[in-house]
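The chain contents come next:
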Amino acid sequence: MEKTPTLVVSSPNIKYTDEYIYSDYEYEETLVTRNGEEITARPIRKTLGIRTDRRVGKVGVMLVGWGGNNGSTFTAAVLANRHQLSWNTKNGKMDSNWWGSITQASTVRLGIDEKGCDVHVPMCQLLPMVHPDDLVIDGWDISPMNLAESMVRAKVIDYDLQQKLKKEMASMKPRPAIYDPDFIAANQADRATNLIRGTKYEQYLQVRADIKDFRDKNKLDKIIVLWTANTERFCEVREGVHDTSENIERALRDNNSEISPSTIFALAAIDENCIYINGSPQNTLVGGVVERAEMRGVFVAGDDFKSGQTKLKSVLVDFLVSAGLKPVSIVSYNHLGNNDGKNLSAPKQFRSKEITKSNVVDDMVESNQVLYKPGEKPDHVVVIKYVPYVGDSKRAMDEYTSEILLHGTNTIVVHNTCEDSLLAVPLILDLVLLADLFSRLAFRETDNSYVRLHCVLSPLAYLLKAPLVASGAPVVNALFKQRANIDNLLRAALALPPNNNLGLEHKVPFLMKELHSGALFNSPPNKKQKLTHANGDQ
Ligand SMILES: NC(=O)c1ccc[n+]([C@@H]2O[C@H](COP(=O)([O-])OP(=O)(O)OC[C@H]3O[C@@H](n4cnc5c(N)ncnc54)[C@H](O)[C@@H]3O)[C@@H](O)[C@H]2O)c1
Ligand SMILES: O=P([O-])([O-])O[C@@H]1[C@@H](O)[C@H](O)[C@@H](O)[C@H](O)[C@@H]1O
């Protein structure tokens, strides 16, 4: 594989040491105030010291639901890419790739070259990230099947590739897991034979022991626990039970029936200082769990991978509303035949998914009060049907009807067929790699102290249908705003300004002349500011 060039930022605002990258970043925003009919906009600017720990270390990922379609396909994809496997299909020989992963297969605009042409680099090249080949994988499942059997059961991976992976995956066996029939569909009962017995607290202790065992056996520096098990019903959040760390601890020890398996996994992960990510729609990350994460300085993220219909919805609705067209009716229907679809065929589990698939348009609608009165929303219907024959190949049909000029209407219909797991698995990789990277960022608060990001990793929103945010923070669902947030956070850690898409060197005559004469690149750099970091050389 050709060696990717090393990226170095040459600026008085950045300092590289063996352990850290120190950057002075000019954070800019516009403060808007209203006084009756008058709106005032005031630019504000703050120099932020950002430190990135370059030491990636040895990273493990523990999947809850490892034996599922996503878990087995993720494992197959890591192994296929690690071994650079090729395999035969009816369409010819295929090579491994990570398409669908923004860290591995997408690029970020870095800037322009001397001719003024945009230069893009792979996202994974901007800052030190875990290499997918180096990930150590383990996990739990209520089903006892090993990963080779799980891969066959999933019917996602091409047959010839399965044969090349079977031996290695047969040696991988999910650890016994926590099963509570009150939280997932009754139709999952026949899988549930690989279980941790005992009270909820005993199960919590066992999960912690499993994490310690995985860490010690593999000499890991960091573990990320990611839920890709079945969708649970929402737990009924109760004051005095779910609201604080202390109350949830008590509820756990009291074997409270409203403490879900996913919340037990989350508490165990956090108490073992592991990042916890929820790839399903249920409300695992209740107040007490987030408070526990804050107290321990551990990161959490969720909910529900944003892989297909919802991802497209967060683009189409953003396009329509920002074009001044008014979506008034959105209908999202799909059917699929995998075990996820089987579990979602139960009303309570479907309701969890319906919630996360429905709330995704709120921020875009609320951003345009020319089109929508306060509180006004499009009609929005979500339908999911289970049709066993189609397996993992989800069939999605969407209809978007908008009001246009002079109350005309415009109806867009989309049909989409895909192996659902092949869309979700790259997101699992990105969630793991970006969560690890973001956990290594720190922001200088005083001369010698740094604070990390808020424990709820909302910069991962691009990958999630219902992004969890810090209490009181706005939820952003528009896909390209979410993407710009990731790109510009990475740029900020390199003391680079956000991409503003102005391109004035191609629009303002004297800038165009400077560009072509080379003068544009000789303009004096920002006045050399003293690095604000106490640790960086002055
Ligand atoms: N495109 C996608 O595939 C996609 C997109 C968004 C969200 N999701 C969510 O990801 C999750 C997994 O999807 P999938 O297609 O892999 O489903 P799946 O049913 O194939 O896999 C889930 C696995 O979890 C196991 N399991 C159930 N309860 C468990 C528990 N308490 N502990 C440990 N294991 C448990 C099951 O035995 C199964 O092997 C689902 O919640 C789904 O809604 C999937
Ligand atoms: O990501 P997306 O395509 O909007 O939503 C998908 C649903 O349409 C599908 O029915 C469900 O099984 C998947 O878990 C996923 O949530």
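Residues numbered from 1 in each chain as written. Chains lettered and ligands numbered in written order. Predicted model: local features only at pLDDT ≥ 70, side-chain atom pairs only at ≥ 80, totals over all residues. Heavy atoms only, no water.

- As recorded by an unreviewed UniProt entry, the protein chain carries the name Inositol-3-phosphate synthase and is attributed to Spodoptera litura.
- For the record of the protein chain, the UniProt heading Subunit (unreviewed entry) holds the text "Homotetramer." (UniProt positions renumbered as here; feature names shortened; annotations may be inferred.)

## Points about the packing of aromatic side chains
Thinking step 1. What the rule picks out here adds up to five aromatic pairs.
Thinking step 2. On the basis of an interplanar angle of 55 degrees and a centroid distance of 5.8 Å, the ring pair of Tyr20 and Tyr22 is categorised as tilted. Taken as a pair, Tyr20 and Tyr22 share a single burial class, namely buried.
Thinking step 3. For the pair Tyr25 and Tyr27, a centre-to-centre distance of 6.5 Å together with 45 degrees between the ring planes defines the contact as tilted.
Thinking step 4. With a relative accessible area of 8%, Tyr25 lands in the buried category.
Thinking step 5. Each member of the aromatic cluster is reached from another via a ring pair, and the members are Trp140, Trp227 and Phe265.
Thinking step 6. The positively charged end of Arg51 is found above the aromatic ring belonging to Tyr450, 4.2 Å away from the centroid.
Thinking step 7. Here Arg55 stacks its cationic end above the ring of Tyr20, 5.1 Å away from the centre of that ring. (Phe/Tyr/Trp six-rings, centres within 6.5 Å; stacked < 30°, edge-to-face > 60°. Buried < 20%, exposed > 50% of the residue type's maximum accessible area, 1.4 Å probe, protein only. Lys NZ or Arg CZ within 6 Å of the ring centre and 35° of its normal.)

## What to know about the site of ligand 2
Thinking step 1. Taken together, 15 residues sit near ligand 2, with Thr310, Asn334, Asp340, Lys394 and Lys465 positioned nearest.
Thinking step 2. In the model, an oxygen atom of ligand 2 is placed 2.8 Å from a nitrogen or oxygen of the Ser307 side chain.
Thinking step 3. At 2.6 Å, a side-chain N or O of Lys465 approaches an oxygen atom of ligand 2.
Thinking step 4. Burial of ligand 2 by the protein amounts to 96% of the accessible area it has alone, namely 370 Å². (Near = heavy atom within 4 Å. Polar contact = N/O pair within 3.5 Å; in protein donor to acceptor, adjacent residues only side chain to side chain. Areas by Shrake-Rupley, 256 points an atom, 1.4 Å probe, with all protein chains shown as cover.)

## Things to note about the nonpolar core
Within soluble globular proteins, side chains that are nonpolar generally end up buried alongside one another.
Thinking step 1. With 73 residues, the main nonpolar core has Phe74, Met169, Leu434, Phe438 and Leu460 as its most contacted residues.
Thinking step 2. Broken down by element, this core gets its largest block of residues, 12 residues, from helix α13 (residues 420-439).
Thinking step 3. Contact partners of Leu460, with chain neighbours within four places excluded, come to Ala301, Leu431, Leu434, Ala435 and Phe438.
Thinking step 4. Among the nonpolar cores identified, the runner-up in size contains 48 residues, and Ala177, Tyr204, Cys235 and Ile270 belong to it. (Core = buried A, V, L, I, M, F, W, Y, C linked by side-chain atoms within 4.5 Å. Helix = DSSP H or I, 4+ residues; strand = E, 2+ residues; numbered from the N terminus. Contact = heavy atoms within 4.5 Å.)

## Regarding the packing of helix α5 (residues 200-218) against helix α7 (residues 261-271)
Thinking step 1. Where α5 meets α7, the axes come as close as 9 Å, and the angle between the chain directions of the two elements is 45 degrees. Relative to α7, α5 is oriented oblique. In this structure, α5 crosses over α7, and the sense of that crossing is right-handed. Residues Lys200, Gln203, Tyr204, Val207, Arg208 and Ile211 of α5 pack against Ile264, Phe265, Leu267, Ala268, Ala269 and Asp271 of α7.
Thinking step 2. The residue makeup of the contact of α5 with α7, split by class, is eight nonpolar, one polar and three charged. (Axes fitted to C-alpha atoms, helices over the stretch in contact; angles between N-to-C directions. Parallel < 35°, antiparallel > 145°, perpendicular 65-115°, else oblique. Left-handed = near helix turned anticlockwise from the far one by under 90°. Nonpolar A, V, L, I, M, F, W, Y, C, P; charged D, E, K, R; others polar.)

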